[in-house]
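# Report on the structure
Residues per chain, in single letters:
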2 protein chains.
Amino acid sequence: MLRTHHCGELRIEDEGKEVVLCGWIQRSRDLGGMTFIDLRDRYGITQLAFNMETDADLCAQARELGREYVLQVKGKVTERSSKNAKMPTGDIEIVVTQIEVLNEANTPPFTIEDETDGGDELRMKYRYLDIRREVVRRSLELRHQMALETRKYLHDKRFLEVETPVLIKSTPEGARDFVVPSRMHPGEFYALPQSPQTFKQLLMVGGLDRYFQIVKCFRDEDLRADRQPEFTQIDCEMSFVTRDDVLETFEGLAKHLFKAVKGVENIHFDRMSYADAMKYYGTDKPDTRFGMRFTELNDLAQQKGFKVFDNAELVAGICAQGCGTYSRKQLDALTDWVQRPQIGAKGLVYVKYNEDGSLKSSVDKFFDQDQLKGWADAMEAMPGDLLLILAGETHATRKALGELRLEMGNRLELRDPNTFSCLWVTDFPLLEWDEDTQRFYAMHHPFTAPIKEDISLLENEPGKVRANAYDMVINGVEIGGGSIRIYDRPLQEKMFDALGFTPEEAKKQFGFLMDAFQYGAPPHGGVAFGFDRWCALFGGSETIRDYIAFPKNNAGRDVMIDSPSGIDEDQLKELHLRVLKP
Amino acid sequence: MLRTHHCGELRIEDEGKEVVLCGWIQRSRDLGGMTFIDLRDRYGITQLAFNMETDADLCAQARELGREYVLQVKGKVTERSSKNAKMPTGDIEIVVTQIEVLNEANTPPFTIEDETDGGDELRMKYRYLDIRREVVRRSLELRHQMALETRKYLHDKRFLEVETPVLIKSTPEGARDFVVPSRMHPGEFYALPQSPQTFKQLLMVGGLDRYFQIVKCFRDEDLRADRQPEFTQIDCEMSFVTRDDVLETFEGLAKHLFKAVKGVENIHFDRMSYADAMKYYGTDKPDTRFGMRFTELNDLAQQKGFKVFDNAELVAGICAQGCGTYSRKQLDALTDWVQRPQIGAKGLVYVKYNEDGSLKSSVDKFFDQDQLKGWADAMEAMPGDLLLILAGETHATRKALGELRLEMGNRLELRDPNTFSCLWVTDFPLLEWDEDTQRFYAMHHPFTAPIKEDISLLENEPGKVRANAYDMVINGVEIGGGSIRIYDRPLQEKMFDALGFTPEEAKKQFGFLMDAFQYGAPPHGGVAFGFDRWCALFGGSETIRDYIAFPKNNAGRDVMIDSPSGIDEDQLKELHLRVLKP
């Protein structure tokens, strides 16, 4: 080793030791008679001391060294005269006797500090420097620990980690595949997996009983903020289980991770049907750190002459505690907020429940005090509260009210990143109708089993069939989801039929899975977690990019290595391809 | 759970328990009054018993069930009348009271037994059935355990597992990249990594100090037997280390795996220079489970009138102990063997050292007894041994003699798969001359550091420069390799120059790494192991395919999912591509 110790470990007990350290210059201070250098490595920072009186040459040499130079220094551990209680090594410094400059460094394009002056794109271009910042390094360390603890838990539960192939077959169902032209098979392509879904089901057919994998997946979608073309899943599958077995097993995983990584115990999981989630929170991933559930007011608020309500499919509101003092200006701003295209509400009705028990609303013309009091009672409001009400088509109103609820949660500071509220959302619809293509799509994927009682509806009322599917939601973030699978061929064929696949199309796409189902498939189910997102949640960040060592930008481009890029004409020829001019 | 126990756990102590088991029918035997079914799951086999006298209906039902049907059975654990000591559950059976057929099964196309009647391609097509065979399942379990123990060891040594990107940039150096057309960036391509080499070096520049990853890599080569287009590496890198630090760290990994996975202790690693490996074994991955090292005979055997020897650059032989009794026919067969194109020797000279001390050779015309005795002494042969001698151009002769040595090792049963001989081969040449393109290529990759003493040769005698590179070889199998890296830009530029890269080409290909080296790169080095191969070695198999859940065949095709395959014209259009007719 080029060092005897790293930069985070020396303590006052080590005083007098001759040591060799290696690292980068975090900063240096020249105090005339003395020069100090903070030497940094992954493990910490240790102060180096140079004295003009005792060794003028060495001190002069030290003064020439720039930020981020790589040094190997030899010296003696010495007690500091002015200690720094904030640093683990703050009681000591190294009185240096020898410096070796292992490498010089240009001045980095941004400061290597937690609060850096570098913008996003610049930091991505020099990601190798960004990673030197403690805050980024800690994110990668967290990710390492999450993966380690996930594997530990699942191994203990007898899951086997099995690597499934990356070069697979393109399936047009769902979002877009990346494809890989084959040189050896002209005109043919592999595809990169959007998930190992079919392979993990085949492993269950193969009798492996419990499978998992922490695995890269790929999706060639138009990127939205915080989507990456390659992302990592914790992918799991179990045989001979019911839904509740799956939920309990992975609640166990979540609890283990909370304890091992965050030191948080007493995590409890609620369960909520999709129907309730939509009805009370307007979303299938409710943030249940706070209440503010929706109250539907159709019975109380319709047929009183207010056209907006009378013509609405749904009238529903939330009660924002203690916001009864909102000014006219604040309420106007809130109205503007809900009318933004991202939220899409037509307007906002408010009722202020004054401290004196009176009620003041934006619809006083249509409703008297008793009626408004009726709403307030239905919403369990107290004097001082503010009722916020939206109306319109059911789904759109719920969605907008859900956004408003989150906004009010933010304003009232009800969304503490150090509080965790976990739940399973269950009983999703099996199928979604698509207006454009006039057909149903699988809400999860075409292997999701319907709930037994609903199978009879599959032929004539497919939209009403509930899936035996579930999502894990923590603090309003969908961490993962899964389902009990279809495992027999007749039901799978019925499902493909409902999805509008001809038997030929089904055979072409999923023939090998359908074939496998003829050879004794066990009942099975599983789940897949978005590992990047889970890391971000535990790290207290909103962006998954911070938890990926080398992320791509929102255009799917790696600005550090400049990829994607053109390739040689020769290489194209070997692949039997020509690029078309746009 | 659909079961109370799995099929491997019930013992005589469980007698009397009411249990529920799930699994597949391994076999059933109808003995008239009794019917027995062996029920199998991942964990083992349990015998189910049905009695015609006590429950004729159930027994009749059991008799209808075919191989590989999936059952859920309820019954009572009962002591067997005739126990089977070979099965862990052999003391008991389940007297069944209820059968639920969870799924039927077609008759599988091959038997689900360790010794199956299915050929390779058939088993690959139905890999999900192949995986049900205990021997395949155990291979996948071994792989799981290897990965787990690798992570445990490296975590304890403070390595961080960091995921590097799969969608990267194409580099024409070395073997061929798979490429991935970008839909969002017309005419541009990502490439799949042949290794995360540059990224792990960037992580070192980023100060992560110790990195590892168990990671899929990709190579679009013409496939040879036992090559897969996607394969898995244990990829590692460390900062502030010398070569010996790297070797010791990963000897430690190997020893840990030997102990944890194979139960083998007292593993010792030898070190051998590339030059010695070639001189004494004719290969850079010698199987050192046995001796039979080469003896060079130029001094003793040339200038005696035998043209074949006199014109040869090298005359060298091995001593096959106890083979002095080989018949003429056996020797002729051996001569044929070395003359096969795969071995490529022109002929074979033998000397039989008879028990009576006399020597009989195929070149008695040219050499007398004393001369032959001189060879025998040089080769430390004893009466009863057989000397086998090849001659010709040095490299080709060594290669052929190396193959002959392995063949004789096989015949003499010196290559016991349960004996392990480990070594590091070091000091490889830095560069290889390629006759076709009349240029040097990096033997490992262009970031490998030369040995310090040899740097001065780089400009004028590049072929003589030794690399600070090393391979781990176990039982003649190259398990992994690596090097100390170049970490400063001037030396890297010199290296690119020796490789015939113009500065522009170097910048285009590796610009981001060269840039990174300007910002304070630490000294670093690392290693990458072929994980599939290591699993095969530990599993006692020669083919890595057995240790991959869903391997591709020698044409790079997944015959189960039928991939690669054609894609839609629409999809091609979106990718701005046209397929050229061959």
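## Some thoughts on the sheet that holds strand S22 (residues 524–530) of chain A
Residues and elements named next belong to chain A. The eight strands are arranged S6-S9-S10-S22-S21-S20-S17-S11 in an open sheet whose pairing can be described as mixed. Looking at strand neighbours, the two that pair on one side only are strand S6 (160–161) and strand S11 (269–273), the edges of this open sheet. Pairing of strand S17 (residues 422–426) with strand S20 (residues 469–474) involves five bridges; the strand directions are antiparallel. Paired with Thr426 across the strands is Tyr470, a residue of S20.

## Details of the relation of the copies chain A and chain B
The two copies are related by a screw motion: chain A maps onto chain B through a turn of 180° and a shift of 0.0 Å along the axis, at an RMSD of 0.2 Å. The symmetry that links the two subunits is that of a two-fold axis. In this assembly the copies share their binding face: 99% of the residues contributing to the interface of chain A also contribute to that of chain B.

## Section: the environment of Arg243 of chain B
Residues and elements named next belong to chain B. Relative to the elements of secondary structure, Arg243 occurs in helix H6 (residues 243–262). For the pair Arg243 and Val559, spaced 316 residues apart in the sequence, the C-alpha separation amounts to 43 Å. If we skip the residues at most four places from it in the chain, Arg243 touches Arg271, Thr426, Asp427, Asn468, Tyr470 and Ile484.

## What about the packing of aromatic side chains?
Throughout the structure, instances matching the rule amount to 48 aromatic pairs over all chains. Ring geometry for Tyr274 of chain A and Phe428 of chain A: centres 5.2 Å apart, planes at 40°, overall tilted. With a gap of 154 residues between them, Tyr274 of chain A in helix H7 (residues 274–281) and Phe428 of chain A in the loop between S17 and strand S18 (431–434) connect regions that are remote in the sequence. For the residue pair Tyr274 of chain A and Phe428 of chain A, the accessibility class agrees, reading buried in each case. Ring centres 5.8 Å apart and planes at 50° place the aromatic pair Phe250 of chain B and Phe529 of chain B in the tilted group. Of this pair, Phe250 of chain B sits in helix H6 while Phe529 of chain B sits in strand S22 (residues 524–530), and the two are 279 residues apart along the sequence. Assigned by exposure class, Phe250 of chain B and Phe529 of chain B land together as buried.

## With respect to the pattern of salt bridges
Throughout the structure, instances matching the rule amount to 102 salt bridges over all chains. With a shortest N-O distance of 2.7 Å, Glu161 of chain B and Arg151 of chain B are connected by a salt bridge. Within this pair, whereas Glu161 of chain B is found in strand S6 (residues 160–161), its partner Arg151 of chain B is found in helix H4 (residues 134–156), the two being separated by ten residues in sequence. A residue is classified by how much of its surface remains accessible, and Glu161 of chain B, at 13% relative accessible area, is buried. Across the salt bridge formed by Lys552 of chain B and Glu230 of chain B, the nearest N and O atoms sit 2.8 Å from each other. One end of the pair, Lys552 of chain B, is in the loop between helix H15 (531–539) and helix H16 (569–574); the other, Glu230 of chain B, is in strand S10 (residues 230–239), and 322 residues separate them in sequence. Comparing Lys552 of chain B with Glu230 of chain B shows no difference in burial state: the two are buried. When salt bridges that share partners are traced, they join Asp120, Arg123, Arg127, Asp130, Arg133 and Arg545 of chain A into one network.

## Remarks on the interface of chain A and chain B
Taken together, the contacts link 124 residues of chain A with 124 residues of chain B. Here chain A and chain B share 14 salt bridges between them. Residue Glu574 of chain B pairs with Arg176 of chain A through a salt bridge whose shortest N-O separation is 2.9 Å. Inspection of the region where chain A meets chain B yields 65 residue pairs in polar contact (both at pLDDT 80 or more). Considered class by class, the residues forming the side of chain A that touches chain B number 66 nonpolar, 25 polar and 33 charged.

Thresholds applied
Residue positions within a chain follow its written sequence, with the count starting from 1. Lettering for chains starts from A, numbering for ligands starts from 1, and both go in the order in which the items are written. Under the rules for a predicted model, residues below a pLDDT of 70 receive no local features and side-chain atom pairs below 80 are neither given nor counted, while totals for whole chains, interfaces and linings still include all residues. Derived side-chain values reflect all non-hydrogen atoms in the structure, with water molecules and hydrogen atoms excluded from consideration. Should DSSP find at least two bridges between two strands, the strands are regarded as paired. Labels follow the DSSP assignment, with helices taken as runs of H or I lasting at least four residues and strands as runs of E lasting at least two, numbered in each case from the N terminus. C-alpha atoms of residues with pLDDT of at least 70 in both copies form the basis for the least-squares superposition of the copies. Pairs of residues are marked as contacts when any of their non-hydrogen atoms sit within 4.5 Å. In this analysis, rings of Phe, Tyr and Trp, with Trp reduced to its six-membered ring, are considered paired at centre separations within 6.5 Å, and the interplanar angle assigns stacked below 30 degrees, edge-to-face beyond 60, and tilted for intermediate values. Residue exposure (1.4 Å probe, protein chains only): buried if accessible area is under 20% of the type maximum, exposed if over 50%, otherwise partly exposed. Basic side-chain nitrogens of Lys or Arg form a salt bridge, by our definition, when they fall within 4 Å of a carboxyl oxygen of Asp or Glu. N or O atoms within 3.5 Å of each other form a polar contact, as long as, within protein, one can give a hydrogen and the other can take it, and as long as residues adjacent in sequence are counted only when both atoms are side-chain atoms. Under the scheme applied here, ten amino acids are nonpolar (Ala, Val, Leu, Ile, Met, Phe, Trp, Tyr, Cys and Pro), four are charged (Asp, Glu, Lys and Arg), and all others, including Gly, are polar.

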